[in-house]
Amino acid sequence: MAVVTIDGQKVQVDAGTTILEAARKLSIDIPTLCHHPDLEVQAVCRVCVVEIEGEKLLQPACAYPVRDNMAVRTNTPDVRRARRVNLELILAHHPTDCLQCVRNQNCELQALAERLGMREVRFEHKLRGLRLDESTPSIVREPDKCIVCRRCVAMCRDVQAATVLWPVGRGQDTVVVPACERDLADVACALCGQCIHACPVGAIAERDDTEKVYRALADPTKHVVVQTAPATRVSIGEELGFPPGKIFTGKLVAALRRLGFDKVMDTDFTADLTIIEEGHELLKRIKEGGPLPLITSCSPGWIKFGEHFFPDLLDHVSTCKSPQQMFGALVKTYYAKKAGIDPKDIFSVSLMPCTAKKFEAERPEMASSGYQDVDVVLTSRELGRMMREAGIDFANLPNEEHDDPMGISTGAAAIFGATGGVMEAALRTVYEVATGLDLPSIDFHEVRGLEGIKEAEVMLGNMKVRVGIAHGLANSKRILEMVRDKEREYHFIEIMACPGGCVGGGGQPIPTNMEIRGIRGNALYEADRLLPLRKSHDNPAIKQLYEEFLMQPLGEVSHRLLHTHYTKRSKYPVSKDTCG
Amino acid sequence: MRFYRSHVLVCGGTPCVLEGCTAVRDALIGELKRLGLDEEVRVVETGCLGPCDLGPVIVVYPEGTLYEKVKVSDVPRIVEEHLLKGRIVRSLTGEGRVLGIARYEEPQYLEVQERIVLRNCGIIDPSSIEEYIAADGYRALAKCLTEMEPSDVIEVVKESGLVGRGGAAFPTGLKWNFTAKADADEKFIICNADEGEPGTFKDRLILEGDPHSIIEAMAIAGYAVGANRGFVYIRGEYGLSIDRINEGIKQAKAMGLLGEDILGSGFSFDIEIRRGAGAYVCGEETALIESMEGGRGEPRVKPPYPSTHGFLGKPTVVNNVETLANIPPIILDGSDWFRGFGTSRCPGTKVFTMTGDINCKGLIEVPMGITLRKIIYEIGGGIPGGRKFKMAQTGGTSGGCLPAEMLDVPMDYFTLPEMGSALGSGALLIMDDSHCIVDIAESFMRFFASESCGKCVPCREGTARLHDIVKKLAEGNGTGEDIRLLEDLSHTMQRTALCGLGQSAPVPIMTMLKYFRDEFESHIKDRLCPTGTCRL
């Protein structure tokens, strides 16, 4: 333990606590910029500097550990001058078009400038004039806005194990870019979008596709159908000013109708469908001897990561399309037929917590209906923008129901949005399909929560099935390396690219951090608990789909519409040119 | 062992190599052979002799005659007259020329110096371990291994008052003690030979001239702290140093002075070389370690320090070349002996490299606390062309610029910082009154802007801004507001930059503004350069 005096107040904290944390215990909020609660300390912005008695240098509160009897002052003339000069240095090298920026009013740099009352920047304003990177359908990088805080670097390396973004160059020419200054499309990027959550400013953002949706909505020849992903109903409120952890399924449906969507259906429906198909695939592989473990395929960030880094394990990945793409394939076939609409007139939009979904929708193999199955993917943030522009009074909207025939879902689908959710949903179905018995308890607590890698064993009759769950790509990499090295044996592995699962997706509201990911996930489990139907195979609309259209799980129609294949990709930049 | 009546030492330091000493050496050997003197006179290529701008330099012993700027065409005369007939060729000695000395040990040159670090440089053949051993080499290591406990070794180094000679002046014994006390399965010794400070070349000349002193010192450090592996992180361009160290490691291993079970003591120590790729910042110890681990050359956040969390996260001692070169004599002669040199606050000697407007440029070693005046006018032979002294920058490009009023300030690690400067690495840049201070500032700041690693804001952005503003002043477009901004920025960089690079980059500016403010102001107010030499 150490007793520290900060601005004259004493506090007792554990040795090794940073000055920043100790100050927060005293309700002293030292300003920070490069600090992120979930990421390795950077200590590069030097905004959180404080005075320590007896030390010549000002030290960064975010990184400096307290010592017993240390006396710290956080708001002296010297500290204020240093903070302001460092912030001036950043601002003088950052664009000033805040009003047009995607992060306007949700920007940590802007907030800091306001908090420190910056009214003047004495250094000559200059920009680097760096090229915009719009090479991928998912993420837009605007390196001119980058303040080189390196949070995205830590996120990409430590949490997502992709190490796509890295500082290059020296001095003022330092930029954070993909390897060899390539475009994102040319490197082994999963397109998970976690870098967006790490970015304090607008240097990295989702590709904005709202205009495409507005155009379709305004086109009288288009029948615009939207699907809502499990994790969006728990986050969309945050876009409209509500605190995290509130589920707004009914209001979300109502809002989408008011925006002009012709049909509002539910990805949860195809989540249930995924469970049926994937569950049968698992049982089939167990019966026919593999390859095992079967690895889930719902998360397109994981899929792309796997294609780059685990091409040798692609046979293990379930051939099931993700719920988004199952929905996309069905909306232009099953639904089109049922509603008597020419599929060419259907414009299929999905609302997703995810940036990688934009890439997934544009994969050439995702056109089973004869058309691109999902025309546009909107992230939670883009829909938030559309709703705010339209002036939707979210709080006072009525709760409305999703449309048929792909609007009914179960609790099993609801928890798809949280890490462990797909596994739990699958276990509920696989157990009952395999054994013909009712589950004694439907809740699999050991697969829930934010532990990086979770494991469980389930008895299917007399067979012990071992399952593993990983979320975040670094954890995923760990579990897959264990599989590759035969250190661990599983029958079934759930992988979600984003920490916390889809609730923490790269398309979710900003801020998204571990605390918020946890809150959103818990809300999904609560929603599951309250739903009347909690097992995918109990979903009557799914039963109807099989009776009317698919005939049987893993059948010929399923094979054609609901299953896919993967592409081996390199972990090195694609072009043969040498770096330099 | 063969006895020779004469030895001819040919300086093999890089400056002399560049001036053609290798051809001179070959000519000497050929000429001696032709006259049948090769059994009587031995030619030895040594490390740096010191007067680097007088190369190629040779010294003939036992007379100690110094021949400077020797050309191949001078060789027959030297051999025939001096080595055959015993008549010194006065016209080729320094007498009456730049240095004004005929003998290497002349009072004006070598006698003012105290050579601890450079004890063997220019005297022994650096490629011969036998010559090193004959000069007491490896006796200190043997003493440690056979007579001293590791803690005794640390105690002696602590008591000697030796502080790091790379610039930071951290007490060496204390550093060793931290690592010795740290609990770990593996520890490392790193010799920091990434000498990148402009105008500094002492480490190179020590490595070239006396590589075994570094190898021995590293082994002693390893014994003291409990490390069995050492690395010499050396500037990639230092080809000759790298060859000499590699050769030295091989020789020491062959003699059982390095490797497994040294001298039967049970202590094992091995050394490898790591070549730096040219980043200035990699001389900073944590950036050096980051680079050794294969990362971008960038400093790490401290604490924790390398002494407990260094290379591969293990306790690591990082010592500068010159610091290490002091170790064997300290072990052999004791801390009291060492404290007999220099000042009480700062014992020992300092190696300086003199460059700029000074008659005798090169490598010298003097007691700590010597004055600038003594260095410049006694050892360095004063300012050429009878010009006036304007300023001396001590400590390299990140050091302070001191005016004539400071010529009598004692040069040590504690006094200079009080003057706003630093002793730093020991680079000494002398400038006469023909230079414009603002122009000089601009060139210094350009250096830092291109060498900042880009990690922390004050250095990444600040170094470029310092350069921008000084450039504006140099072009005559500055205002008084710019001076205030320079001061604000400098102050912030000094106190908030992540490592020594950003913290010291503003030092020259701060001292220039302190001692030569008028000159800045006339660039602003009158748009006039008082020296009349700059672009204005």
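Going along each chain's sequence as written, the residues are numbered from 1 onward. Working convention: letters from A go to chains and numbers from 1 go to ligands, in the order in which they are written. Selection of residues for local features in this predicted model requires a pLDDT of at least 70, selection of side-chain atom pairs for listing and counting requires 80 or more, and totals for whole chains, interfaces and linings are taken over all residues.

Notes on the overall build of chain B
Each helix and strand in chain B was counted, giving 21 helices and 13 strands. Relative to the 2.2 N^0.38 estimate, which gives 24 Å for 536 residues, the radius of gyration of chain B is 24 Å and therefore close to what a compact globule would have. Seen along its three principal axes, the alpha-carbon backbone of chain B occupies a region of about 75 × 60 × 40 Å. Exposure classes come from backbone-placed C-beta atoms, where a residue is buried if 20 or more other C-beta atoms lie within 10 Å of its own, exposed if 12 or fewer do, and partly exposed in between. In chain B, which comprises 536 residues, the proportion classed as buried is 59%. Two residues form a contact once the distance between their C-beta atoms, set from the backbone, is within 7 Å. Partitioning the intrachain contacts of chain B with sequence separation of at least 6 by distance along the chain shows that 72% fall at a separation of at least 24. What counts as a helix is a DSSP run of H or I of at least four residues, what counts as a strand is a run of E of at least two, and both are numbered from the N terminus. Throughout, the radius of gyration refers to the C-alpha atoms, and the reference size of a globule is 2.2 Å times the residue count to the power 0.38.

Regarding the interface of chain B and chain A
Quite often, the size of an interface is put as the accessible area lost when its parts meet. Each side of the interface is counted separately: chain B has 26 residues, and chain A has 27 residues. Of all elements in the fold, only helix H16 (437–451), helix H17 (457–474) and helix H18 (480–496) of chain B reach the threshold of two or more residues within the side of chain B that touches chain A. Broken down by element, the side of chain B that touches chain A gets its largest block of residues, nine residues, from H17(B). Grouping the amino acids of the side of chain B that touches chain A by side-chain chemistry returns eleven nonpolar, seven polar and eight charged. Note that Gly is not counted as nonpolar here; it falls among the polar residues with everything else outside the nonpolar set of Ala, Val, Leu, Ile, Met, Phe, Trp, Tyr, Cys and Pro and the charged set of Asp, Glu, Lys and Arg.

Focus on the domain arrangement of chain B
All names here are of chain B. Just so you know, the domain bounds were taken from an automatic or database domain assignment. Its domain assignment divides chain B into domain 1 (6–111), domain 2 (129–339), domain 3 (350–432) and domain 4 (437–525). Computed over C-alpha atoms only, the centres of domain 1 and domain 2 are separated by 33 Å. Of the residues lining the interface, six residues belong to domain 1; the matching set on domain 2 comes to six residues. Looking at side-chain class alone, the side of domain 1 that touches domain 2 contains one nonpolar, five polar and no charged residues.

Details of helix H12 (residues 285–292) of chain B
Residue and element names in this part refer to chain B. Of all eight residues that make up H12, eight are buried, and the element is covered over most of its length. Looking at the buried residues of H12, the elements they touch are strand E5 (188–193), strand E6 (229–234), strand E7 (270–275) and strand E8 (316–320). In the segment just after H12, Gly-294 is the residue with positive phi, at about 95°.

Section: the sheet that holds strand E12 (residues 294–295) of chain A
All names here are of chain A. Here a strand pair is declared whenever DSSP counts at least two bridges between the two strands. Spatial ordering of the open sheet is given by E12-E17-E16-E15, a layout of four strands whose pairing is mixed. Every interior strand has two partners, whereas the edge strands, E12 and strand E15 (453–460), have only one. Both strand E16 (residues 463–471) and strand E17 (residues 492–496) contribute to a ladder of five bridges, which runs parallel. If you follow His-471 over to E17, its bridge partner there is Met-496. Helix axes use the C-alpha atoms of the stretch in contact, all axes being lines fitted to C-alpha atoms, and the angles between their N-to-C directions lie in the range 0 to 180 degrees. Here helix H17 (residues 473–484) sits on the sheet and contacts E15, E16 and E17; the angle it forms with E16, its principal contact strand, is near 145°.

Side note on the nonpolar core
Note on terminology: a nonpolar core is a set of buried residues of type Ala, Val, Leu, Ile, Met, Phe, Trp, Tyr or Cys, with members joined through C-beta atoms within 7 Å. Grouped together as the largest cluster of nonpolar side chains are 340 residues, with contacts concentrated most on A:Cys152, B:Val10, B:Ile58, B:Ile190, B:Met218, B:Ile220 and B:Ala221. Here this core gets ten residues from one element, more than from any other, and that element is helix H10 (residues 211–225) of chain B. Each residue touching A:Cys152, except ones within four places of it in the same chain, is listed here: A:Leu165, A:Val176, A:Cys195, A:Ala198, A:Cys199 and A:Ile204.

A closer look at the pairing of E17(A)
All names here are of chain A. Taking burial as the measure, the five residues of E17 include five buried ones, the bulk of the element. Side chains Phe-492, Glu-494 and Met-496 project from E17 onto one buried face, and the interleaved Ile-493 and Ile-495 project onto a second face that is buried too. For E12 and E17, the ladder comprises two bridges, and the chain directions are parallel. Bridge assignment links Ile-295 to a residue of E17, and that residue is Ile-493. Taken together, E16, H17 and E17 form a β-α-β motif whose crossover is right-handed. Note on handedness: a crossover is taken as right-handed if, strands pointing away from the viewer, the path from the first strand over the helix to the second is clockwise.

Points about the sheet that holds strand E10 (residues 223–228) of chain A
Residues and elements named next belong to chain A. Here four strands make up an open sheet; going across it, the order is E11-E10-E13-E14 and the pairing parallel. The open sheet has two edge strands, strand E11 (263–266) and strand E14 (376–379), and neither has a second partner. Strand-to-strand, the axes of this sheet are offset by a mean angle of 25°, without reference to chain direction. With four bridges connecting them, strand E13 (residues 346–352) and E14 associate as parallel partners. Counterpart to Val-349 in the pairing with E14 is Val-376.

Observations concerning H18(B)
With 17 residues, H18(B) should reach 24 Å at 1.5 Å per residue; the first-to-last C-alpha distance of 24 Å fits that figure. Regarding H18(B), the residues found buried are B:Leu486, B:Leu489, B:Ser490, B:Thr492, B:Met493, B:Gln494, B:Arg495 and B:Thr496. Each element contacted by the buried residues of H18(B) is listed here: strand E3 (49–52) and helix H2 (77–91) of chain A together with H17, helix H19 (500–504) and helix H20 (507–515) of chain B. Here the expected span of a helix is defined as 1.5 Å times the quantity of residues minus one.

Regarding the pairing of E14(A)
With burial as the criterion, each face of E14(A) is covered, one bearing A:Val376 and A:Leu378 and the other bearing A:Val377 and A:Thr379. As for the winding sense of the linkage, the β-α-β connection from E13(A) through helix H13 (residues 356–361) of chain A to E14(A) is right-handed.

As for the packing of H10(B) against helix H13 (residues 321–339) of chain B
Residues and elements named next belong to chain B. Look at H10 against H13: their axes get within 8 Å of each other, and the N-to-C directions meet at 75°. Between H10 and H13, the angle is such that the two are roughly perpendicular. In contact with Ser-213, Ile-214, Glu-216, Ala-217, Met-218, Ile-220 and Ala-221 of H10, H13 contributes Val-321, Leu-324, Ala-325, Ile-327, Pro-328 and Ile-331. Here the contact of H10 with H13 is composed, by residue class, of eleven nonpolar, one polar and one charged. If an angle is under 35 degrees, it is roughly parallel; if it is over 145, roughly antiparallel; if it lies from 65 to 115, roughly perpendicular; otherwise it is oblique.

Here we look at the environment of B:Arg25
All names here are of chain B. For Arg-25, the position within the fold is in helix H2 (residues 21–34). Along the backbone, Arg-25 and Ala-140 are 115 residues apart, and their C-alpha atoms lie at a distance of 33 Å. In contact with Arg-25, not counting residues within four places along its chain, are Val-10, Val-43 and Glu-45.

Notes on the environment of B:Met391
Residue and element names in this part refer to chain B. The topology assignment puts Met-391 in strand E11 (residues 389–394). Sequence-wise, Met-391 and Asp-433 are 42 residues apart; in three dimensions their C-alpha atoms are separated by 8.0 Å. Setting aside its immediate chain neighbours within four residues, Met-391 contacts Cys-401, Leu-402, Pro-403 and Met-431.

Some thoughts on unusual backbone geometry
Cis geometry is found at the peptide bond from A:Gly290 to A:Pro291, where omega equals 0°. Mapped onto the elements, A:Pro291 comes out in the loop between helix H9 (267–288) and E12. Despite not being glycine, B:Asp261 has its phi angle at roughly 50°, a positive value. Its place among the elements puts B:Asp261 in the loop between helix H11 (239–254) and E7. Classification of B:Asp261 as exposed rests on a count of 10 C-beta atoms within 10 Å.

Observations regarding the environment of B:Tyr238
Residues and elements named next belong to chain B. Structurally, the position occupied by Tyr-238 is in the loop between E6 and H11. The exposure class of Tyr-238 is buried, given the 22 C-beta atoms found within 10 Å. As a C-alpha pair, Tyr-238 and Gly-462 span 224 residues in sequence and 31 Å in three-dimensional space. Excluding its chain neighbours within four sequence positions, the residues that come into contact with Tyr-238 are Arg-204 and Leu-207.

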